[in-house]
Amino acid sequence: MSLIVFTGASQFAAVGVLTAGGSAAAAIATGLLLASRNLVYGISIGKLLNSAWLPRTVAAHLVVDETTAMAISQREPSHGRAAFWITAVSEFTLWNLGTLAGALSGEALADPKSLGLDAAFPATFIALALPQLRAITSWTLAILSGTVALLLVTVTPPGIPVLATALIVGGVSMSRSLSFDRINR
Amino acid sequence: MSWSAILILGAGAYVFKATGVLALSKRSLPGSIDETLTLLPAILLVSLSVVQTFSDGSQLALDARAPGLAIAVLLVSIRMPLPLVIIGAALGTAVIRILF
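Residues numbered from 1 in each chain as written. Chains lettered and ligands numbered in written order. Predicted model: local features only at pLDDT ≥ 70, side-chain atom pairs only at ≥ 80, totals over all residues. Heavy atoms only, no water.

Draft legend 1. Examining the packing of helix H3 (residues 65–77) of chain B against helix H4 (residues 82–99) of chain B more closely. Residue and element names in this part refer to chain B. Orientation of H3 relative to H4, taken along the N-to-C sense of each, is 150°, at an axis distance of 8 Å. In terms of their interaxial angle, H3 and H4 are classed as roughly antiparallel. Classified by chirality, the crossing of H4 by H3 is right-handed. Residues Arg-65, Pro-67, Gly-68, Ile-71, Ala-72, Leu-75 and Val-76 of H3 pack against Leu-84, Val-85, Gly-88, Ala-89, Gly-92, Thr-93, Ile-96 and Arg-97 of H4. (Axes fitted to C-alpha atoms, helices over the stretch in contact; angles between N-to-C directions. Helix = DSSP H or I, 4+ residues; strand = E, 2+ residues; numbered from the N terminus. Parallel < 35°, antiparallel > 145°, perpendicular 65-115°, else oblique. Left-handed = near helix turned anticlockwise from the far one by under 90°. Contact = heavy atoms within 4.5 Å.)

Draft legend 2. View of the packing of helix H5 (residues 65–72) of chain A against helix H7 (residues 117–129) of chain A. Residues and elements named next belong to chain A. H7 packs onto H5 with a crossing angle of 25° between their chain directions and a minimal axis gap of 9 Å. Relative to H7, H5 is oriented roughly parallel. Here H5 runs over H7; the crossing is left-handed. In contact with Asp-65, Glu-66, Ala-69 and Met-70 of H5, H7 contributes Phe-121, Phe-125 and Leu-128. Residue composition of the contact of H5 with H7, grouped by class: 5 nonpolar, no polar and 2 charged. (Nonpolar A, V, L, I, M, F, W, Y, C, P; charged D, E, K, R; others polar.)

Draft legend 3. Molecular detail of the packing of aromatic side chains. Residue and element names in this part refer to chain A. Taken as a whole, this structure holds 4 aromatic pairs over all chains when the rule is applied. Centre to centre, the rings of Phe-6 and Phe-92 are 4.9 Å apart; their planes meet at 70°, and the pair counts as edge-to-face. In this pair, Phe-6 sits in the segment before helix H1 (8–19) while Phe-92 sits in helix H6 (residues 77–105), placing the two residues 86 residues apart along the sequence. With relative accessibility at 2%, the residue Phe-6 sits in the buried group. You can call Phe-92 partly exposed: its relative accessible area is 23%. Each ring, one from Phe-12 and one from Trp-95, has its centre 6.1 Å from the other, and the planes form 75°; the classification is edge-to-face. Pair noted here: Phe-12 is in helix H1 and Trp-95 is in helix H6, with a separation of 83 residues, a long-range link. Judged by relative accessible area, Phe-12 falls into the exposed class, the value being 58%. (Phe/Tyr/Trp six-rings, centres within 6.5 Å; stacked < 30°, edge-to-face > 60°. Buried < 20%, exposed > 50% of the residue type's maximum accessible area, 1.4 Å probe, protein only.)

Draft legend 4. Quick look at the pattern of salt bridges. Tallied over the full model, the rule gives 3 salt bridges over all chains. As a salt-bridge pair, Arg-37 of chain A and Asp-65 of chain A come within 2.8 Å of each other at their nearest N and O atoms. Separated by 28 residues along the polypeptide, Arg-37 of chain A in helix H3 (residues 37–48) and Asp-65 of chain A in helix H5 bring together distant segments of the chain. Here the two residues Arg-37 of chain A and Asp-65 of chain A agree in accessibility, since each one is buried. Here Asp-118 of chain A ties to Arg-97 of chain B by a salt bridge, and the two come within 2.8 Å at their closest N and O atoms. (Salt bridge = Lys/Arg side-chain N within 4 Å of Asp/Glu carboxyl O.)

Draft legend 5. Quick peek at the environment of Ala-108 of chain A. Mapped onto the elements, Ala-108 of chain A comes out in the loop between H6 and H7. Taking the C-alpha atoms as reference points, Ala-108 of chain A and Thr-165 of chain A, 57 residues apart in sequence, are found 39 Å from one another.

Draft legend 6. Seen up close, a nonpolar patch on the surface. Residue and element names in this part refer to chain B. Residues Ile-87, Leu-91, Val-95, Leu-99 and Phe-100 make up a contiguous nonpolar surface patch of about 590 Å² in total accessible area. By the element assignment, Phe-100 lies in the segment after H4. Judged by relative accessible area, Phe-100 falls into the exposed class, the value being 79%. (Patch = residues over 30% accessible without salt bridge, like charges linked within 9 Å, V, L, I, M, F, W, Y side chains within 5 Å. Areas by Shrake-Rupley, 256 points an atom, 1.4 Å probe, with all protein chains shown as cover.)

Draft legend 7. Structural view of the side chain of Lys-17 of chain B. Checked against the element boundaries, Lys-17 of chain B lands in helix H1 (residues 3–23). Although Lys-17 of chain B lies buried, it forms no salt bridge, and the closest oppositely charged side chain, Glu-66 of chain A, sits 9.2 Å away as judged by the N-O distance. Of the polar contacts made by the side chain of Lys-17 of chain B, one reaches the backbone oxygen of Val-5 of chain A; its length is 3.2 Å. Sequence-distant contacts of Lys-17 of chain B, that is, excluding residues within four places in its chain, are made with Val-5, Phe-6, Thr-7, Asn-38, Gly-42, Ala-60, His-61, Val-63 and Val-64 of chain A. (Lys, Arg positive; Asp, Glu negative; His and termini not counted. Polar contact = N/O pair within 3.5 Å; in protein donor to acceptor, adjacent residues only side chain to side chain.)

Draft legend 8. A look at the interface of chain B and chain A. Chain B puts 61 residues into the contact, and the matching count from chain A is 81 residues. Across the chain B to chain A interface the summed buried area is about 6,100 Å²; carbon plus sulfur atoms make up 77%. Ranking the residues of chain B by area buried against chain A places Leu-9, Phe-16 and Lys-17 of chain B at the top, with a combined share of 11%. Taken together, the connections running from chain B to chain A amount to 1 salt bridge. For the pair chain B and chain A, the number of links is 13 residue pairs in polar contact (both at pLDDT 80 or more). Counting only elements with at least two residues in the side of chain B that touches chain A, the list comes to H1, helix H2 (31–54), strand E2 (59–60), H3 and H4 of chain B. Sort the elements by how many residues they give to the side of chain B that touches chain A and H2 of chain B lands first, with 22 residues. (Buried area = accessible area lost by both parts, 1.4 Å probe.)

In structure tokens:
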């Protein structure tokens, strides 16, 4: 899965569904829900990359939380592209090597939680995303988005909260900027 | 997990990613929508961090991850480099887990 799916949350979730006794269909559905946010990421990465179709089709496979976070955190588009590719290549390599190592070592490894690694992911994302939120409106949208996401966690399947807030926030700000444009003209 | 299931999931994930990447070119949108789209991943990542910190599956949770995230926010605000932020957060969470 690390080679073919390459979306961490989807992989963990699919395995989780199966180990809890769920069907393959349920595992796939859960995995796909969690993968859906990559579409939103893809839009930003697509705008960042050069137009040649082959690199773009390869890049698409590598669009995930981490590569997107690194790419958008750069000020210059050229740095953003470099950040994307460097992160993508190193993460694809290490993620797959890690998967192999984990599969081979099995029970012998320490619980990631005892090392605080479950905090490492959200820490990384927030560290990369926060500096992007420079204006008060973006802060407000982020707080709104986070709140709505938490509210949705208990009532929707995994993957929906984050995706839903992306759609809501995107919709709200696009309609605001559209009306703002009309006023300016 | 069967190979066909993995391939289906992989294909579906790729369709999401590729739709985003290939759907829009660099200059196809007016400025204000473009600005919003630029902001969207950052906001999405903040939501993701929040959900990953304050929930466990379908339940809300408050545990050692929360102080870890707080440490990350603190370290970012004083402009610490990314590796230190990550290590600080992980270490903080691990230590709090040991203490409580």
